[in-house]
Amino acid sequence: MLVPGKPANEAVRIQALQDLKLLDTAPEERFDRLTRLAKRLFNVPIALVTLVDKERQWFKSCVGLDTTETPRSVSFCGHAILQDQLLLVPDARKDERFHDNPLVTGDPNIRFYAGYPLTVPNGNKMGTLCLIDTKPRELDDEERALLRDLAGMAEQELMAVQMASMDELTLLSNRRGFKMLAQHALDACARLEKPATLLFFDLNDFKQINDLYGHAEGDSALKNFADVLRIAFRESDVVGRLGGDEFVALLTGSSHVETTAIMARLKDILEERNATLRRGYAIRFSVGQIEYNPQRHDTVDKLLADADGAMYAHKQALKRC
């Protein structure tokens, strides 16, 4: 058996997969209808939409199997994401990569496999739409084209997931995505009695940047500030753009000292970025900071409202200075 290798950009690919927030989620009709359609059109017992994680392949949609994942080391899809086109295995028993694979020698007794890699807009391959049969078979040109079209539909659904919870300009979570992730984080903090802090950022004089330098430059300022946030905060923090020039970051499990240190790092990184940009303006921000109180902040919206108020109080204080 040949264990599948890993793409050269594996770390970036895994981050893109995690950013989709699809792993270990409930079944969804938009993916299930594709696997049902594939099973019926190709008359196979098994059809899957798979996502290839660090050490496993997980099934976002599965018809014909009772399990939800298998180790990546024995997966056919781990091989499929290493190429751009269809991976076709007419008879796994005669293929040196798979003939002694436990998925071939035991349940589900794979003989035939056909999988198209699913690629998101940044070029990363997340997994596959694949067909499995317990009998050897081939695909003719028309069938290959049909499977490619179904894979294209699955890619469109992945893109819809990505864009529904991601800000297209900055590639941070948008308001919807942030609220969803932040609520999970707050629920965990409440359950584990851990602290959390919300930071609400608003760029100062952002309208002036647009008016004096144009909207393209304004977009550049937003992207640069998003990059600074991405660098300054930890992987465990939830960072997002709510809209316009408003950004937020939820720090979980952080003490006051740790939060202060992160804010100091953020300011240092922003100063370095401003010096590197050499524009006629500097990116500056006001910030509102609110400590999470489970009794008061039973929803993310209430925490956001308090942080928004704190941020505007900070803005007014700056104007008086």
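Going by what an unreviewed UniProt entry lists, the chain is known as Sensor domain-containing diguanylate cyclase and is assigned to Pseudomonas fitomaticsae.

Moving on, we get to the packing of aromatic side chains. Counted according to the given criterion, the structure contains eight aromatic pairs. Centre to centre, the rings of F201 and F233 are 6.3 Å apart; their planes meet at 65°, and the pair counts as edge-to-face. Placement of F201 in strand β7 (residues 196-203) and of F233 in the loop between α8 (215-232) and β8 (238-243) is noted, with a sequence separation of 32 residues between them. Each member of the pair, F201 together with F233, is buried. Consider the rings of Y213 and Y281, whose centres lie 5.2 Å apart with planes at 55°: the pair is tilted. Here Y281 lies in the loop between α9 (256-277) and β10 (285-291) and Y213 lies in helix α7 (residues 206-213), a separation of 68 residues in the sequence. According to the relative accessible area criterion, Y213 is partly exposed, its value standing at 39%. By relative accessible area, which is 13% here, Y281 ends up buried. A connected cluster of aromatic rings, assembled from ring pairs, spans F201, F225, F233, F247 and F285.

Over its 18 residues, α8 extends 26 Å from the first C-alpha to the last, a length consistent with the 26 Å expected when each residue adds 1.5 Å. Here α8 has its buried residues at E217, G218, S220, A221, L222, N224, F225, A226, V228, L229 and A232. Against β7, α7, β8, β9 (246-252), α9 and β10 lie the buried residues of α8.

Bringing the packing of α7 against α8 into the picture now. Between α7 and α8, whose axes approach to 7 Å, the crossing angle comes to 140°. Our classification of the angle between α7 and α8 gives oblique. Only H215, E217, G218, A221 and L222 of α8 make contact with α7, whose side of the interface consists of F206, I209, N210 and Y213.

With that settled, consider the sheet that holds β9. Read from one edge of the open sheet, four strands run β8-β9-β7-β10, paired in antiparallel fashion. At either end of the open sheet lies a strand with only one pairing partner, and these are β8 and β10. Across the sheet, the mean angle separating the axes of adjacent strands is 20° when strand polarity is ignored. Relative to β10, β7 is paired through seven bridges, and the arrangement is antiparallel. Bridging across to β10, L199 finds its partner in Q289. Running at roughly 140° to β8, helix α6 (residues 175-192) makes contact with β7, β8 and β9 of the sheet. Seen against the sheet, α9 touches β7, β9 and β10 and runs at an angle of roughly 165° to β10.

Definitions and cut-offs
- Residues numbered from 1 in each chain as written.
- Predicted model: local features only at pLDDT ≥ 70, side-chain atom pairs only at ≥ 80, totals over all residues.
- Heavy atoms only, no water.
- Phe/Tyr/Trp six-rings, centres within 6.5 Å; stacked < 30°, edge-to-face > 60°.
- Helix = DSSP H or I, 4+ residues; strand = E, 2+ residues; numbered from the N terminus.
- Buried < 20%, exposed > 50% of the residue type's maximum accessible area, 1.4 Å probe, protein only.
- Expected span 1.5 Å × (residues − 1).
- Contact = heavy atoms within 4.5 Å.
- Axes fitted to C-alpha atoms, helices over the stretch in contact; angles between N-to-C directions.
- Parallel < 35°, antiparallel > 145°, perpendicular 65-115°, else oblique.
- Pairing = 2+ DSSP bridges.

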